[in-house]
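Here are the chains, one letter per residue:
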Amino acid sequence: MKEIIMDAGIISSIVLAFIGLIKLPFGKFKANHPKFYRFTFFMLSIIVSATLTVLAELYVVCGSVWSQEFVILAISTVAFVFGGYSTYENTAIKSLLKKLFSSLKELGKKHSDSSAVKKVEKFINKVGIEKVEDIIDAMQNKG
């Protein structure tokens, strides 16, 4: 049972990432036709979930599509997809992730031309990457 739930989690993560990537270019469509947009991606989520569940059962798990394990896998996958997506959309997780990534982006821009980064690059070029890797390995072995 543990393997089935783990497989369902992996499949649902793939489905959510795939649907999320497909949704990116449809911002104007969402603003103009919100009901059709929601229906379209709801149906697409169901189709992709069902397809990946069948493919996983046949080629990864190597089980039968007409088994109790498959039914549990299919129900778990659909529940994880829609439960995970609704949790992401309806809680503060979405805004927190947006803030986190925008902060990381700003931090990267702020320190991209930092003197510390240039010093590290200069040190690596001077000493050589192999020597730096040896130093890191020696430090890890001490700790």
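Residues numbered from 1 in each chain as written. Predicted model: local features only at pLDDT ≥ 70, side-chain atom pairs only at ≥ 80, totals over all residues. Heavy atoms only, no water.

Asker: Even after reading the chapter, I still don't get the overall build of the protein, so can you show me in this structure?
Answerer: Helix and strand counts for the protein come out as seven helices and zero strands. Listed by position from the N terminus, the elements making up the protein come as α-α-α-α-α-α-α. Sorting the 143 residues of the protein into buried and exposed places 17% on the buried side. Counting contacts in the protein only where the partners sit at least 6 residues apart, residues at least 24 apart contribute 59% of the total. Total accessible area on the protein stands at roughly 11,000 Å², and carbon and sulfur atoms take up 67% of it. (Helix = DSSP H or I, 4+ residues; strand = E, 2+ residues; numbered from the N terminus. Buried < 20%, exposed > 50% of the residue type's maximum accessible area, 1.4 Å probe, protein only. Contact = heavy atoms within 4.5 Å. Areas by Shrake-Rupley, 256 points an atom, 1.4 Å probe, with all protein chains shown as cover.)

Asker: When you look at the packing of aromatic side chains in this model, what are you seeing that I'm missing?
Answerer: Two aromatic rings, taken as a pair, are described by how far apart their centres are and by the angle between their planes. Tallied over the full model, the rule gives six aromatic pairs. Residues Phe 26 and Phe 41 carry aromatic rings whose centres are separated by 5.7 Å and whose planes lie at 65 degrees to one another, so their mutual orientation is edge-to-face. Here the residue Phe 26 occupies a position in the loop between α1 (2-23) and α2 (27-32), and Phe 41 occupies one in helix α3 (residues 34-60), the gap between them amounting to 15 residues. A network of ring pairs unites the aromatic residues Phe 26, Phe 29, Phe 36, Tyr 37 and Phe 41 as a single cluster. (Phe/Tyr/Trp six-rings, centres within 6.5 Å; stacked < 30°, edge-to-face > 60°.)

Asker: I would appreciate a short explanation of helix α4 (residues 68-90) in the present structure.
Answerer: Note: α-helices contain 3.6 residues per turn, so residues at a spacing of three or four share the same orientation. For α4, built from 23 residues, the straight-helix expectation of 33 Å at 1.5 Å per residue is met to within 8% by its first-to-last C-alpha distance of 32 Å. Turning to α4, its buried residues number three or more, namely Phe 70, Leu 73, Ser 76, Thr 77 and Val 81. Looking at the buried positions of α4, the neighbouring elements they touch are α1 and α3. (Expected span 1.5 Å × (residues − 1).)

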